[in-house]
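# A structural walkthrough
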Amino acid sequence: MLGCLSGILSAAPAPKPYGPLPTEQQVNWLRMEWYAFVHFGLNTYTNREWGYGDESPGLFNPSAFDAEEIVKTLKGAGMSGMIYTAKHHDGFCTWPTKSTEHNIKQSPWKKGKGDVVKEFAVACRKHDFAFGTYLSPWDRNCAEYGRPGYLKVYYKQIEELLTKYGPIFEIWFDGAMGGDGYYGGARQKRNIGKADTYYNYEQVVKNIRRLQPDCIIWGAAGRGDVTWGGSEKGFVKYPLWNTQGQRWLSLEGDTPINHRGWFWHPGQAGHVKSPETLMDIYMASVGRGANLILNLAPNRDGQLDAADVASLEAFGKMRRKLLETDYALRARVKASDVRGGDKKYDGSRMTDGDIESYWCPEDGNTTPSAEIVLEKPATFDVVRLREQIRLGQRVESFRVEAMLNGEWQTIVAPGNPGEVETRFDLRGGKGHTIGNQVMRRLREPVTTDRLRLTITRSRACPCISEFSLLLMPGAEAVAPVAVAETDEGVLSSKGWTYSGFAAEKAPLAFDGKPETMWQIDRTPSHFVVDMKKVYAVNGFSYLPRQDGKTVGMTSRYRVELSLDGRNWQRVAEGEFGNLRANPVEQQISFPGQKARYVRFFSTAALDGTGSSVAEMKIYAATR
Ligand code: FUL
C-alpha cells in the first residue's frame with residue numbers, strides 16, 4: 001500500500017510545452033542532419049551559375065549519367081538524402097513536363113525520352129535515401145514570367161513534381177529574383193514586386209500540404225517550415241533560435257563542396273573544399289542546431305568529379321569517427337534538482353543514449369546543474385547537448401566544467417546576451433542556445449572523468465535530452481586528399497602595363513591580393529592590359545569584390561582581344577550569376593586566339609553604378 005502510494009506521489013507531470021513547437025515533420029527533418037544538393041542542368045554545359053533562359057535544350061546530353069551511382073556515393077558518405085534542381089532560374093525543366101516546351105523532351109539525351117527527376121527519384125527509393133526537389137520560382141525562359149500567366153505554368157510544375165515521383169522530403173522555393181532574362185524572346189527586365197504576393201505562397205503552401213503533407217517546405221517567403229541559413233557558405237549564426245514569432249522555423253545552411261559554385265565548371269578539380277573545411281562547416285551548421293545541405297555538381301558526362309567525391313568521402317569518414325564513440329554514454333549523473341524526484345526526469349536521462357528521454361527540474365527552476373561521472377577517464381574535445389524540442393526550445397546559455405587536476409575548470413563558458421558567433425572555424429566557442437543539438441568544439445582535448453553542466457539562463461525549466469562527449473579525429477584518420485590549386489595556363493602579370501579607366505588601380509586586380517581591387521564609380525567602364533608579348537589567350541577569371549559590399553560589383557562583362565591595341569575582336573560577353581549570395585571566382589573560357597592586349601569591359605553592376613574587379617587572371621594555351 002505504501003509503495004503504491006509513493007509510486008503515485010513521485011509520478012511528476014511532464015513540463016508544459018514552452019513557446020512555438022516543431023511539427024512531427026520538422027522533428028524528423030532535424031534528425032536528417034545533412035544531405036546533398038545536386039545542381040545539374042543546362043548551366044552544367046555553359047559554364048554559368050545563372051542561365052539567361054535562352055540556352056538550347058540541345059546542350060543537355062550527358063554521356064554517362066547514372067543516378068544510382070551518384071546516390072550510392074552520397075549515401076556511402078553518410079548523407080541522409082538529396083535535393084535535385086529539377087528547374088533552375090534558366091527555366092529548363094529536366095523532366096518531361098506538360099507545362100512548357102522548354103524541357104528535356106527537346107534534348108538529344110535518350111532521344112528526348114529522358115527524365116532526370118525520375119531517375120534520381122527511383123534510385124533514391126531503391127537505396128532508401130530521401131529525395132527532394134528544387135524548383136526555381138524565377139524563370140528566365142517563360143514569356144509569361146512576371147504576369148499572372150506564369151503562375152499556371154509554375155503551379156502545374158509543382159503539381160507534377162509532387163504527384164509523379166513518390167515522396168518528396170523537401171521542396172525548395174528559392175528567393176533569387178534577378179529581374180532580367182530571355183522571357184520568350186522579350187529580353188527584358190521583369191519586376192514581380194513582392195514574391196509572397198506574386199506567387200501567392202499562402203496558396204502554394206496549402207496545395208503542397210494537401211499533395212504531400214510530410215514534405216518540408218524551404219523558403220516560400222517565410223511561410224515554409226525551414227529557412228535560409230543566411231549565407232551560401234554553409235554556416236549559420238549562433239545562438240540559433242528555431243522560433244520566429246509564433247512559429248517554429250528551422251534553419252538550413254547551404255554551400256557547394258567546390259569553391260567554383262553550385263554548377264559544375266571546367267577545371268574545378270583544384271578548388272574542392274578540404275575535408276577539414278567541410279568539418280568546420282558541419283560544426284558551424286549542424287553543430288549549431290541547423291541542418292546542412294552540401295552541393296555536389298555532376299559534370300558534363302553526368303558524373304561526380306573524382307576530386308569532389310574524394311573530399312566528400314574523407315569528410316564522411318571523419319564525421320562517422322567523430323560520432324562513433326560517446327564517452328559520456330551510461331555516465332552516472334547527479335542533478336541538483338529532479339522534477340518530483342521522479343526517475344523519469346533523472347539526470348541520467350541525458351546519458352542513456354535515448355534522445356527522447358530527458359532530464360528536467362521543477363517548474364520555475366531555470367538554472368539547475370548536474371554532475372556527470374564517467375565510467376573511466378576519457379579524452380574528448382567536443383561537447384554535444386540536445387534539448388527535448390518537442391517541448392519547445394528553452395535554453396539561452398549554459399556552462400560546462402571539467403575536473404582537471406583536482407579543480408573545476410570551465411571548458412565551455414556561458415554566452416552573454418547579444419553576443420553573436422559568426423566565425424565558422426571556431427574553437428572554444430561559448431554556450432548559448434541548445435535546441436535540437438549543439439556541438440561545442442574545445443580549444444584542445446581534455447581528459448577527465450568528472451564534469452559539471454550548469455544551465456545559466458533558460459526561458460522555462462530546461463529539458464535536456466542528451467549530454468555527449470566526442471573526440472574530433474585528426475586529419476590523419478582519413479586518407480589524404482590532394483586539393484592542389486591547379487593554375488595551369490595562368491599568365492604571370494609581371495611587367496604588364498594598363499590603360500583605360502582608373503588605370504592606376506588596374507594592377508590591383510592582378511596583384512594576387514583579393515582585398516585590393518580595381519574600382520571606379522562608373523558603369524560601363526573598362527581597362528586594357530598590355531601583356532607585352534603575344535599569347536594564345538583562351539580565358540580569364542574574375543573574382544568579385546571581397547569586402548562584403550555589393551554596390552558597384554561588376555555583374556556583366558565583355559572581353560576583347562587585340563594584337564596591336566587598335567583592332568579589337570570580341571571573344572566573350574555575358575553575366576556573372578549569383579554574385580550577391582556567393583561572390584566566388586568565376587572562370588570564362590573561349591577558343592584560344594593570339595593577342596597581346598586584353599580589354600575588359602564592366603557593362604553592368606549590382607546595386608547602383610560602379611565597376612570593380614578584386615582579382616583577374618588571364619589564361620593562355622601552354623602549348
Ligand atoms: C540560390 C540560387 O540563385 C543559386 O544559383 C543556387 O541554386 C542556390 C542554392 O540558391 O539562391
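Now for a look at the structure at hand. (Residues numbered from 1 in each chain as written. Predicted model: local features only at pLDDT ≥ 70, side-chain atom pairs only at ≥ 80, totals over all residues. Heavy atoms only, no water.)

## Description of the overall build of the chain
Threshold: By definition, any uninterrupted DSSP run of H or I lasting at least four residues is a helix, any uninterrupted run of E lasting at least two residues is a strand, and each is numbered from the N terminus. We compute the radius of gyration over the C-alpha atoms and compare it with the globule rule, which gives 2.2 Å times the number of residues raised to the power 0.38. Exposure categories follow from relative accessible area, calculated using a 1.4 Å probe and restricted to protein chains: below 20% of the type maximum is buried, above 50% is exposed, and the middle band is partly exposed. Only heavy atoms enter the contact rule, under which two residues are in contact if any of them lie within 4.5 Å. Neither His nor the chain termini are counted; the positive set is Lys and Arg, and the negative set is Asp and Glu. Every charge is mapped to an atom, namely NZ of Lys, CZ of Arg, CG of Asp or CD of Glu.
Scanning the chain from N- to C-terminus turns up 10 helices and 26 strands. A compact globule built from 623 residues should have a C-alpha radius of gyration of about 25 Å, and the chain, at 27 Å, falls within 12% of that. Expressed as lengths along the three principal axes of its C-alpha atoms, the size of the chain is roughly 100 × 55 × 40 Å. A total of 623 residues make up the chain; the buried ones form 56% of that total. Long-range pairs, those at least 24 residues apart, make up 77% of the contacts in the chain between residues at least 6 apart in sequence. Mean positive and mean negative side-chain charge positions of the chain (79 and 73 charges, respectively) differ by 3 Å.

## Some points on the nonpolar core
Rules: Residues enter a nonpolar core if they are buried and are Ala, Val, Leu, Ile, Met, Phe, Trp, Tyr or Cys, with the set joined through side-chain atoms within 4.5 Å. Domain extents, as shown, originate in an automatic or database domain assignment.
Core analysis: the largest hydrophobic core is formed by 80 residues, its most contacted members being Leu 74, Met 82, Phe 120 and Phe 173. The element that contributes the greatest number of residues to this core is helix α6 (residues 148-164), accounting for seven residues. Counting the residues that make up this core, at least three belong to each of domain 1 (24-323) and domain 2 (332-470). One finds Ala 328, Val 333, Leu 385 and Phe 398 within the second-largest nonpolar core, a separate group that totals 39 residues.

## Re the pairing of strand β11 (residues 250-256)
The following threshold applies: Strands qualify as paired when DSSP identifies two bridges or more between them. Assignment of crossover handedness uses the view with strands pointing away from the viewer, where a clockwise path from the first strand over the helix to the second indicates a right-handed crossover.
Counting buried residues along β11, seven of its seven residues qualify, which places the element largely inside the surrounding structure. On β11, burial covers both faces: Ser 250, Glu 252, Asp 254 and Pro 256 on one face and Leu 251, Gly 253 and Thr 255 on the other are all buried. The sheet contact formed by β11 and strand β12 (residues 291-295) spans five bridges and is parallel. For Gly 253, the partnering residue across the bridge sits in β12 and is Leu 292. Remark: the β11/helix α9 (residues 275-283)/β12 crossover connection has right-handed handedness.

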